[in-house]
Amino acid sequence: MTTQHILIVEDEQEIANYLRRGLVLEGFQVTVANDGPGGLVVARETPPDLVILDLMLPGLDGLEVAKRLRAASEVPIIILTARDAVADRVRGLEYGADDYLVKPFAFEELLARIRVQLRRRQTAQQHEQLRFSNLTLDTASRELRVGERRVELTTKEYDLLELFLRHPNQVLTREVIFDRVWGYDFGGESNIIEVYVRYLRQKLEAEGEARLIQTVRGAGYILRDYE
């Protein structure tokens, strides 16, 4: 099982560092962005398992960040802010947040809320069918169908394909794939990703189907249904 990745979007450096240290000690991988646009870039390039989001951010306010995150994925979002009015909480939830915690806060309470959201997401994913083009992946049975054809996958092939299916039409870098599928860095000379992409392509294209996992030169790979 790979380390769960939490993205903190917070412009107050002291709070961001406090959260990062605490969450790292709890076993999470943590990335910090100090403004709204930066948070969206990190979420796109290194997809998180959960986002902790301040509302008052430079560049792009937290409500707009939440709205854009929610439009792109189902990642859990916990808003962490000094705004404590009921109207602010309602707006945050309406813009796509899953939970709302007012500053000052107890780290133990935030940690409990994080774990609740991650458990909910994991439970939902256990009964999901991920679909893209002619692919259907059942996350409960781990069964893949390419059209009507049933395809057997190894554990790592499944993990890699699931990552692509959860982020279609999005370039995934080698670094992201290493971290999310293998959980550590093989080093720049390793060709393990290329090997497993080739395995998947052979299985997905065994009866002449179009290539869906495409190489983006100098960047990584993308799942898309056009050349």
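The preceding data block contains the structure.
So, here is what we can say about the structure in this document. (Residues numbered from 1 in each chain as written. Predicted model: local features only at pLDDT ≥ 70, side-chain atom pairs only at ≥ 80, totals over all residues. Heavy atoms only, no water.)

1. Re the sheet that holds strand β9 (residues 149-151)
Within a sheet, each strand pairs with its neighbour through backbone hydrogen bonds, oriented either parallel or antiparallel.
And then number 1: As summarised here, the arrangement of the 4 strands in space is β6-β7-β8-β9, forming an open sheet in which the pairing is antiparallel. Among the strands making up the open sheet, the edge pair consists of β6 (129-132) and β9. Between one strand axis and the next, the sheet turns through 20 degrees on average, direction left out of account.
And then number 2: When strand β8 (residues 143-146) meets β9, the two strands line up antiparallel, connected through 3 bridges. Paired with Arg145 across the two strands is Arg150, which belongs to β9.
And then number 3: In this fold helix α6 (residues 155-166) packs onto β6, β7 (135-138) and β8, with an angle of close to 115 degrees to the strand it touches most, β7.
And then number 4: Against the sheet, helix α8 (residues 192-204) contacts β7, β8 and β9, and its axis sits at roughly 155 degrees relative to β9. (Pairing = 2+ DSSP bridges. Helix = DSSP H or I, 4+ residues; strand = E, 2+ residues; numbered from the N terminus. Axes fitted to C-alpha atoms, helices over the stretch in contact; angles between N-to-C directions. Contact = heavy atoms within 4.5 Å.)

2. Concerning the packing of helix α2 (residues 36-45) against helix α3 (residues 62-72)
And then number 1: Here α2 crosses α3 at 15 degrees, and the two axes come no closer than 10 Å. The pairing of α2 with α3 is recorded here as roughly parallel in orientation. As for how α2 packs across α3, the hand of that crossing is right-handed. Mapping the contact onto sequence places Gly36, Leu40 and Ala43 in α2 and Val65, Arg68 and Leu69 in α3.
And then number 2: Taken together, the residues of the contact of α2 with α3 break down into 4 nonpolar, 1 polar and 1 charged. (Parallel < 35°, antiparallel > 145°, perpendicular 65-115°, else oblique. Left-handed = near helix turned anticlockwise from the far one by under 90°. Nonpolar A, V, L, I, M, F, W, Y, C, P; charged D, E, K, R; others polar.)

3. Here we look at the pairing of strand β1 (residues 5-9)
And then number 1: Among the 5 residues of β1, 5 are classified as buried, and the element is accordingly described as predominantly covered.
And then number 2: Of the two faces of β1, both are covered, the one formed by His5, Leu7 and Val9 as well as the one formed by Ile6 and Ile8.
And then number 3: Bridge analysis of β1 against strand β2 (residues 29-33) gives 5 bridges, and the strand direction is parallel. Residue pairing for β2: Leu7 is matched across the bridge by Thr31.
And then number 4: In the classification by handedness, the crossover that spans β1, the intervening helix α1 (residues 13-25) and the parallel β2 is right-handed. (Buried < 20%, exposed > 50% of the residue type's maximum accessible area, 1.4 Å probe, protein only. Right-handed = clockwise from strand over helix to strand, strands pointing away.)

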